[in-house]
Amino acid sequence: MLLLATAFPLFAAEHFVTRTGTRLMLDGKQFRFAGGNLDYLALAADSFGKIGATDIYYPSKQMIDDAFATLNKMNGTVTRVWSSASQGCALCIEPERGKFNEAALRQLDYVVYSAGKHHIRVILLFVDPWGYYTGGTVQYQKWRGGGDFFRDAALIADYKTYVSTLINRKNTYTGVVYRSDPAILAWQPGNELRDAPIEWERDIAHYIKSLDPHHLVISSNDYHSVEQNWAAIPDIDIVSRHYYPFFGKDTDWTFERDREAPKLANKVFVVDEFGWDRGNASVEQLKDRLNQILADPNIGGDLFWALRGPKDGGGAMVVPGAGGEWWALYYPATKTPNNTEEDMRLRTQILSDHAAAMSRAAKR
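Let me begin by describing the structure that accompanies this report. (Residues numbered from 1 in each chain as written. Predicted model: local features only at pLDDT ≥ 70, side-chain atom pairs only at ≥ 80, totals over all residues. Heavy atoms only, no water.)

**Examining the nonpolar core**
Counting residues in hydrophobic clusters, the biggest one holds 98 residues, and the most contacted among them are Leu41, Phe68, Leu124, Phe126, Trp187, Trp200 and Phe274. If one sorts the elements of this core by residue count, helix H2 (residues 102-117) sits on top with eight residues. Among all residues touching Trp200, those that are not within four sequence positions of it are Phe149, Phe150, Ile156, Tyr159, Pro189, Leu193 and Ser220. If you look at the next biggest cluster of nonpolar residues, it comprises 15 residues, including Phe31, Ile123, Ile218 and Val270. (Core = buried A, V, L, I, M, F, W, Y, C linked by side-chain atoms within 4.5 Å. Buried < 20%, exposed > 50% of the residue type's maximum accessible area, 1.4 Å probe, protein only. Helix = DSSP H or I, 4+ residues; strand = E, 2+ residues; numbered from the N terminus. Contact = heavy atoms within 4.5 Å.)

**Considerations on the state of the cysteines**
Disulfide: a covalent bond formed between the sulfur atoms of two cysteine residues. Within this structure, the stated rule accounts for one disulfide. Between the sulfur atoms of Cys89 and its disulfide partner Cys92 the distance amounts to 2.2 Å. Measuring handedness by torsion sign, the sulfur bridge of Cys89 and Cys92 sits at about 105° and is right-handed. Under the relative-accessibility criterion, Cys89 is labelled buried at 12%. (Disulfide = S-S within 2.5 Å.)

**So, the pairing of strand E4 (residues 33-37)**
Most of E4 sits out of view: five of its five residues are buried. Bridge count for E4 against strand E13 (residues 299-304) is four bridges, and the pairing is parallel. Bridging across to E13, Ala34 finds its partner in Asp302. When E4 meets strand E7 (residues 78-81), the two strands line up parallel, connected through three bridges. Across the sheet, residue Gly36 finds its bridge partner in E7, namely Thr79. (Pairing = 2+ DSSP bridges.)

**What about the sheet that holds strand E3 (residues 29-30)?**
Read from one edge to the other, the open sheet built from three strands follows the order E1-E2-E3, with strand pairing classed as antiparallel. Where the open sheet ends on each side, the last strands, each with one partner, are strand E1 (18-20) and E3. Bridge count for strand E2 (residues 23-26) against E3 is two bridges, and the pairing is antiparallel. If you follow Leu26 over to E3, its bridge partner there is Lys29.

**Quick notes on the pairing of E7**
Neither face of E7 is open: one carries Val78 and Arg80, the other Thr79 and Val81, and all of them are buried. Pairing of E7 with strand E8 (residues 121-125) involves four bridges; the strand directions are parallel. Within E8, the position partnered with Thr79 by the bridge is Val122. As for the winding sense of the linkage, the β-α-β connection from E7 through H2 to E8 is right-handed. (Right-handed = clockwise from strand over helix to strand, strands pointing away.)

**Observations regarding unusual backbone geometry**
Of note, the bond from Trp305 into Ala306 is cis; its omega dihedral lies within 30 degrees of zero at -5°. Of note, Ala306 is situated in the loop between E13 and strand E14 (307-308). Here the bond from Tyr331 into Pro332 is cis, since omega is -5°, no more than 30 degrees from zero. Position of Pro332 relative to the elements: it lies in the loop between strand E15 (329-330) and helix H10 (341-363). You will see that His119, though not glycine, has its phi angle at about 60°, which is positive. Tracing the chain through its elements places His119 in the loop between H2 and E8.

**Examining the pattern of salt bridges**
In the structure shown here, the tally under the stated rule is 23 salt bridges. As a salt-bridge pair, Arg169 and Glu102 come within 2.9 Å of each other at their nearest N and O atoms. Here Glu102 lies in helix H2 and Arg169 lies in the loop between helix H4 (153-167) and strand E9 (184-188), a separation of 67 residues in the sequence. Owing to a relative accessible area of 34%, Glu102 belongs among the partly exposed residues under this scheme. (Salt bridge = Lys/Arg side-chain N within 4 Å of Asp/Glu carboxyl O.)

**Describing the sheet that holds E8**
The eight strands are arranged E10-E9-E8-E7-E4-E13-E12-E11 in an open sheet whose pairing can be described as parallel. A single partner strand is all that each edge strand has here, and the edge strands are strand E10 (216-217) and strand E11 (238-243). Here strand E12 (residues 268-274) runs beside E13; their pairing, made up of three bridges, is parallel. Directly across from Val270, in E13, lies its bridge partner Gly301. Helix H1 (residues 61-73) contacts E4, E7 and E8 of the sheet and is inclined by roughly 145° relative to E7. (Axes fitted to C-alpha atoms, helices over the stretch in contact; angles between N-to-C directions.)

**As for the packing of helix H9 (residues 283-295) against H10**
Relative placement of two packed helices is described by the angle separating their axes and the distance separating the axes. The geometry of H9 relative to H10 is characterised by a closest axis approach of 10 Å and an angle of 10° between their N-to-C directions. In terms of orientation, H9 and H10 fall into the roughly parallel class. Contacts between H9 and H10 involve Val283, Leu286, Lys287, Leu290, Ile293 and Leu294 from the former and Asp343, Leu346, Arg347, Ile350, Leu351, His354, Ala357, Met358 and Ala361 from the latter. Of the residues assigned to the contact of H9 with H10, the class counts are 11 nonpolar, one polar and three charged. (Parallel < 35°, antiparallel > 145°, perpendicular 65-115°, else oblique. Nonpolar A, V, L, I, M, F, W, Y, C, P; charged D, E, K, R; others polar.)

Structural data, given as structure tokens:
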């Protein structure tokens with residue numbers, strides 16, 4: 001297969017983002033980022049339905065390139081690809097237990113290649129707990145006829161097979177093994193694994209580091225991240241938190257409190273999901289929250305949920321979630337069930353200005 005050039009020199013350790021205490025570093029300077037989640041790039045489903053959804057498809061290369069080009073226009077430098085974790089469907093990376101889908105892996109290859117080409121770094125996940133079309137912990141349990149995903153030795157072994165497969169994957173577009181690709185910013189054991197015991201997170205973080213010492217590891221439990229014992233897990237580099245005031249106190253903006261535990265543990269803190277629209281914040285609240293992040297040099301970065309783009313043949317990616325409440329952002333703006341075009345345009349500009357400011361702050 002013809003190998004394409006990457007945006008970063010191959011195997012150049014100085015081009016990996018690393019951590020020194022509470023700060024991310026790149027080439028000897030602090031690295032700070034802002035960007036958006038691009039959840040659908042590896043595998044999409046317009047309904048964002050549960051396991052068994054039938055409207056699953058691979059976004060085209062054009063859609064992937066357009067998504068990264070749009071993030072460039074918004075001054076974003078990092079994205080998080082939720083659908084890098086997919087188990088149990090015909091188009092999933094792992095359609096059957098222990099069997100891997102080369103077409104799906106090549107889809108992810110192109111995502112990582114295109115990210116590098118657009119100078120975007122990606123955060124890749126391994127599993128999700130909510131039973132959506134990507135399967136996740138629920139699918140692993142189905143394969144074994146039940147069991148505790150976080151404590152059953154067989155389920156943990158199944159999951160580690162997935163982790164190892166991705167980390168050791170050689171990209172068919174670049175010839176670079178994922179563990180050696182600086183276009184990948186970090187691995188995240190899972191998304192919102194709120195039932196994960198600390199022993200599981202410690203074991204998995206250590207396992208990831210044993211396979212790949214180059215890349216950072218982000219915490220996967222966005223509730224316990226505020227606790228110092230979680231932040232102090234040795235192989236965790238970045239502690240994350242999700243903020244959605246729309247859902248109430250459990251996901252309210254508790255930034256001032258949450259950033260303290262990572263600081264005490266000498267780790268980086270990031271906000272890798274937050275609701276940006278008027279269901280989660282007024283315009284002034286959004287500005288204030290982003291300014292709080294910008295003002296604290298111990299905060300590595302933030303990613304809004306979620307950037308949507310055009311589809312092949314016209315039209316745009318649908319607003320995910322029943323009723324359109326999952327905060328889809330279209331660049332520069334469009335009307336959605338929860339947003340006027342004017343309001344989205346204003347907030348898009350605020351997010352874009354913030355991303356530029358985060359990049360400038362890192363260069364001072």
